[in-house]
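# Remarks on the overall topology
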Amino acid sequence: MFKKKIWPILKTAVLPIVIIGVIVFFFTAVSNFDEGRGAEGRDQLETSIRRACAACYATEGIYPPTLDYLVEHYGILIDESNYNVFYEVFSENLMPDITVIEIQQ
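All values reported here derive from a predicted model rather than from experimental measurement.

## Some details on the packing of aromatic side chains
Applying the stated criterion to the full structure yields one aromatic pair. Seen in terms of ring centroids, Tyr-57 and Tyr-63 are 4.4 Å apart; in terms of plane orientation they differ by 15°. Their pairing is stacked. A residue is classified by how much of its surface remains accessible, and Tyr-57, at 33% relative accessible area, is partly exposed.

And the structure:
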């Protein structure tokens, strides 16, 4: 008798809460996935620039003077709508300071 009276009440109260919980969990997971993907892209771009700098130093004996030089001669592709790249050269024989920052949209 207890099951017959309480179950319909629990079903109508608990089912919407469970559905809302699943929806919130889904959107949180998708949001976290997008954030992780952006961070991975930033790290990948920074690694590519560092490797191109090392390749330039190995072949030409100097580090690239500008970021545009890397883009032109070593095929680095920078998505300027998603990333800001700061490239500071100190000397021809020192690795430049490379910082990649993701643009928040």
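This is not the end of the story, as more comes after the structure.
## What about a nonpolar patch on the surface?
Residues Val-14, Val-18 and Val-22 make up a contiguous nonpolar surface patch of about 240 Å² in total accessible area. Structurally, Val-18 is set in helix 1 (residues 2–60). Residue class for Val-18 comes out partly exposed when judged on its relative accessible area of 45%.

## Quick notes on a negative patch on the surface
The grouping of Asp-68, Glu-72, Asp-79 and Glu-80 at the surface amounts to a negative patch. With respect to the helices and strands, the residue Glu-72 is situated in helix 2 (residues 67–74). Here Glu-72 falls in the exposed class, since its relative accessible area comes to 64%.

## Description of the pattern of salt bridges
Counted according to the given criterion, the structure contains two salt bridges. Between Asp-43 and Arg-42 there is a salt bridge whose closest N-O contact spans 3.1 Å. Note on Asp-43: relative accessible area 36%, which makes it partly exposed. Taking the shortest distance from any N to any O, the salt bridge between Glu-46 and Arg-50 comes out at 3.1 Å.

So, how was this worked out
Residues numbered from 1 in each chain as written. Predicted model: local features only at pLDDT ≥ 70, side-chain atom pairs only at ≥ 80, totals over all residues. Heavy atoms only, no water. Phe/Tyr/Trp six-rings, centres within 6.5 Å; stacked < 30°, edge-to-face > 60°. Buried < 20%, exposed > 50% of the residue type's maximum accessible area, 1.4 Å probe, protein only. Patch = residues over 30% accessible without salt bridge, like charges linked within 9 Å, V, L, I, M, F, W, Y side chains within 5 Å. Areas by Shrake-Rupley, 256 points an atom, 1.4 Å probe, with all protein chains shown as cover. Salt bridge = Lys/Arg side-chain N within 4 Å of Asp/Glu carboxyl O. Helix = DSSP H or I, 4+ residues; strand = E, 2+ residues; numbered from the N terminus. Lys, Arg positive; Asp, Glu negative; His and termini not counted. Charge placed at Lys NZ, Arg CZ, Asp CG, Glu CD.

Read these as geometric descriptors, not functional statements.
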